[in-house]
Amino acid sequence: MSDIVRSEWFLWGVGLIVVFQILVIALGELIYRAERKEEPAARFLRAARNAVLPLAIAYAFLIKILETDPESWLARGVATGLWISIVYAALILLNALVFERAREGTWRHRTPTLFRDLIRLLLVAIGAAIVLSLVWDRDLGGLLAALGVGSIVLGLALQETLGNLMAGIALLFERPFSIGDWIEVGDDEGEVVEINWRSVHVRNRYENLLVFPNSVLGSQTFINHSRPTPRQTLRLPFAFGLNDPPVRVREVLVCAARETPHVLDDPAPDAQAREVLDDRIRYEAVLHVDE
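Residues numbered from 1 in each chain as written. Predicted model: local features only at pLDDT ≥ 70, side-chain atom pairs only at ≥ 80, totals over all residues. Heavy atoms only, no water.

Caption draft 1: Geometry of the nonpolar core. The biggest cluster of nonpolar side chains holds 11 residues, and these are L171, F177, I183, V185, V192, V200, V202, L210, F212, L217 and F222. Sorting the residues of this core by element identifies β1 (182-185), β3 (199-203) and β4 (209-213) as the ones contributing at least two each. Those residues in contact with I183 that lie beyond four places of it in its chain are F177, D188, E189, G190, V192, V202, I223, N224 and H225. (Core = buried A, V, L, I, M, F, W, Y, C linked by side-chain atoms within 4.5 Å. Buried < 20%, exposed > 50% of the residue type's maximum accessible area, 1.4 Å probe, protein only. Helix = DSSP H or I, 4+ residues; strand = E, 2+ residues; numbered from the N terminus. Contact = heavy atoms within 4.5 Å.)

Structure, rendered in structure tokens:
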């Protein structure tokens, strides 16, 4: 009996049972407290308790107690599952620490969902490389070379699409406009109704939908009429005959402006004669509107 107690597999078995029970209880308590406080880390703790911990204990049980060959299919399969669970928990932890608790206005809060998905994809690729290299003893040199050549070919084939994607990520990070803003691009203008990774959709005054590729917006100057405030200054040209008294024309224009909806009283509207021609006088009315 004493030989069994002093044997390595017996000590490992008792240790695994004790450690597993302690960690399950400790993680359960942490999960309970995190859920009561509505902490985003609760999902990570739950993944660690339900996936990472059981697979780690199972792998240790196979190697240390059953003395299974680490190169066997069974051991490698459990190790692969363990690494997958670790990557999954790491993705949850990254999202909880970096993005879910981000304060409004910070770069983390403005990070687009597409960029987060790209980060997750990168972590998954790193995890897959670790599994292939450490668990399955695969040489990644040839795979990396093939991926490099394939990436070049794919990049050339999707050059325009990737350009829109990169420009879209930059626009989503910078946030020069938002849904509902009124923007002017070249000779076109309208209200932003949709922003995605490829293009920006704008509805103009005639209720038509204009689609601007992100690469176009990223390579030229555009005007956002909704920032810093929706208030705008309008300069409207008019022409009256030579026989119309300029003082009377100015009074008519200012009176008409004050009776027009959305025109502000402060600053007050104004009108001035700008140019005297052979057959008419050109005037300009300056109006300040609230949107």
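There is more to say after this.
Caption draft 2: Representation of the pattern of salt bridges in the model. Taken as a whole, this structure holds 12 salt bridges when the rule is applied. A salt bridge links R46 to E35, with the nearest nitrogen and oxygen atoms 2.0 Å apart. Placement of R46 in helix α3 (residues 41-65) and of E35 in helix α2 (residues 8-36) is noted, with a sequence separation of 11 residues between them. You can call R46 partly exposed: its relative accessible area is 29%. For E71, the salt bridge goes to R76, with nearest N and O atoms at 2.2 Å. With a relative accessible area of 44%, E71 lands in the partly exposed category. Here R76 falls in the buried class, since its relative accessible area comes to 14%. Each member of the salt-bridge network shares a partner with another, and the members are E191, R203 and E207. (Salt bridge = Lys/Arg side-chain N within 4 Å of Asp/Glu carboxyl O.)

Caption draft 3: Expanded view of the environment of V193. Looking at the element boundaries, V193 is found in strand β2 (residues 188-195). Remark: the alpha-carbon pair of V193 and W182, spanning 11 residues in sequence, is separated by 9.6 Å. Apart from residues lying up to four places away in sequence, V193 is in contact with I179, H201, V202, R203 and L209.

Caption draft 4: Seen up close, the layout of surface pockets. Reported here for the largest pocket is a volume of approximately 340 Å³. Taken together, G180, W182, E184, E189, R205, H225, S226, P230, Q232, L234, V289 and E291 make up the full set of residues lining the largest pocket. If you list the elements that add at least two residues to the lining of the largest pocket, you get β1 and β6 (232-240). Taken together, the residues that form the lining of the largest pocket break down as 4 nonpolar, 4 polar and 4 charged. (1 Å grid on protein atoms, 1.4 Å probe; cavity = no way out; pocket = protein on both sides within 12 Å on 5 of 7 lines; lining within 4 Å. Points joined across faces, edges and corners; volume = space filled by probe spheres on them. Nonpolar A, V, L, I, M, F, W, Y, C, P; charged D, E, K, R; others polar.)

Caption draft 5: Just α3, in detail. Here α3 contains 25 residues, and its C-alpha end-to-end distance of 33 Å stays within 8% of the 36 Å for a straight helix at 1.5 Å per residue. The sharpest bend along α3 comes to roughly 35°, located at A48. Every buried residue of α3 is listed here: A42, L45, A47, A48, V52, L53, I57, A60, L62 and I65. E67, located one to two residues past α3, shows a positive phi value of around 55°. (Expected span 1.5 Å × (residues − 1). Bend = angle between axes of the 7 residues up to and from the residue.)

Caption draft 6: Quick look at the side chain of N224. Its place among the elements puts N224 in strand β5 (residues 222-224). Classification of N224 as buried rests on a relative accessible area of 13%. Polar side-chain contacts of N224 include one of 3.2 Å to the side chain of D181. (Polar contact = N/O pair within 3.5 Å; in protein donor to acceptor, adjacent residues only side chain to side chain.)

Caption draft 7: Examining the packing of aromatic side chains more closely. For the structure on display, the rule yields 1 aromatic pair. Ring centres of F240 and Y283 lie 5.7 Å apart, and the angle between their planes is 85°; on these two criteria the pair is classed as edge-to-face. Separated by 43 residues along the polypeptide, F240 in strand β6 and Y283 in strand β8 (residues 281-289) bring together distant segments of the chain. Since its relative accessible area comes to 25%, F240 is described here as partly exposed. (Phe/Tyr/Trp six-rings, centres within 6.5 Å; stacked < 30°, edge-to-face > 60°.)

Caption draft 8: The arrangement of the sheet that holds β6 in detail. Pairing is antiparallel across the open sheet formed by 3 strands, whose spatial order is β6-β8-β7. Taken across any chain shown, the strands that pair with only one partner, and hence form the sheet edges, are β6 and β7 (270-276). On average, each strand axis in the sheet is tilted by 25° relative to the strand beside it, whichever way the strands run. Of the strand pairs in this sheet, β6 and β8 are connected by 9 bridges, and their pairing is antiparallel. Paired with R235 across the strands is V286, a residue of β8. Sitting on the sheet, helix α10 (residues 246-258) is in contact with β6, β7 and β8, with an inclination near 140° to β7. (Pairing = 2+ DSSP bridges. Axes fitted to C-alpha atoms, helices over the stretch in contact; angles between N-to-C directions.)

Caption draft 9: Here's a closer look at the sheet that holds β3. Pairing within the open sheet is antiparallel, and its 5 strands lie in the order β4-β3-β2-β1-β5. At either margin of the open sheet sits one strand with a lone partner, and together these are β4 and β5. The average angle at which neighbouring strand axes cross in this sheet is 40°, direction not considered. Sheet topology note: the β1/β2 ladder contains 4 bridges and is antiparallel. Bridge assignment links V185 to a residue of β2, and that residue is D188.

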